[in-house]
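Residues per chain are reported as follows:
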Amino acid sequence: TLSDQEIAAILKEDADALDLARKLLRAVEEKNRRGQDNTTAIVVTPFRNAGITRVAAVESRGFIFGGPVAQQLGVGFVPIRKPGKLPWTTIRNEYILEYGTDVLEMHDDALTRDDRVLIVDDVLATGGTAAAAVRLAQDLGAEVVACAMVIELKFLAGRSKLGNTPLHALLTYE
């Protein structure tokens, strides 16, 4: 394996290699952008006419999908974060993990009873994080229309913690 300095030296000496490296980097960036666009389009499709007014997503990987989903739906984005990360007053929900407890927070004025919310995250595993996000939105009076996940690990039964909240997952692993 070459070090960063060795790679830089090779690229500096060889203009063709530098040009090739730039082209390869652009191709990877373009492929990733198209993948993100395609994933976002698939997540958004079932909810285009669902009257969603806000998309809430859990840090940090949920932000990767939640922001673009909110943009595609033309609605506001609500971040759900670990304690102490949000700059305003918050509500919080403590939830149980397999190995202890954790806490999520949301701004206390982020949602109202007029909001119809889509909760977005990357993976539904045991369901604790998603259930805590649902409770935060409901505690502010909002209606949670559904949870949208890129991946559901069905064998961990996380869906059971969501109660009556519908779940949409792009990929499901039994």
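Definitions and limits used
Position labels on residues start from 1 in each chain and follow its written sequence. With the structure being a predicted model, the display of local features is reserved for residues of pLDDT at least 70 and the display and counting of side-chain atom pairs for 80 or more, all residues being used for whole-chain, interface and lining totals. Note that the side-chain values use all heavy atoms of the structure and ignore hydrogens as well as water. Only the six-membered ring of Trp is used, alongside the rings of Phe and Tyr, when aromatic pairs are assigned; centres must lie within 6.5 Å, and planes under 30 degrees apart are stacked while those over 60 apart are edge-to-face, with the rest tilted. Helix numbers and strand numbers start at the N terminus; a helix is a DSSP run of H or I with at least 4 residues, a strand a run of E with at least 2. The buried label goes to any residue with under 20% of its type's maximum accessible area, the exposed label to any with over 50%, and the partly exposed label to all in between, with areas taken from a 1.4 Å probe on protein chains only. To estimate how far a helix should extend, the number of its residues minus one is multiplied by 1.5 Å. Read the arc as the range of directions from the helix axis to the C-beta atoms.

**Here we look at the packing of aromatic side chains**
Right, so step 1: Inspection of the entire model under this criterion finds 1 aromatic pair.
Right, so step 2: Pairing Phe63 with Phe77 gives two aromatic rings, centres 5.6 Å apart and planes at 85 degrees, and the pair type is edge-to-face. Linking Phe63 in helix 3 (residues 61–73) with Phe77 in strand 2 (residues 76–80), this pair joins segments that are 14 residues apart in sequence.
Right, so step 3: On the accessibility criterion, Phe63 (25% relative accessible area) is partly exposed.

**Some details on helix 3**
Right, so step 1: Compared with the 18 Å implied by 1.5 Å per residue over 13 residues, the 19 Å span of helix 3 between its first and last C-alpha is a close match.
Right, so step 2: Within the span of helix 3, buried status applies to Gly62, Phe65, Gly66, Val69, Ala70 and Leu73. One face of helix 3 carries all of its buried residues, which in axial projection span an arc of 130 degrees.
Right, so step 3: Immediately downstream of helix 3, the backbone of Gly74 shows phi near 70 degrees, a positive value.

**Topic: helix 4 (residues 128–139)**
Right, so step 1: The terminal C-alpha atoms of helix 4 lie 16 Å apart, and with 12 residues this matches the ideal 16 Å at 1.5 Å per residue to within 8%.
Right, so step 2: Among all positions of helix 4, only Gly128, Ala130, Ala131, Ala132, Ala133, Val134, Leu136 and Ala137 are buried.
Right, so step 3: At the exit of helix 4 stands Gly141, carrying a positive phi of roughly 90 degrees.

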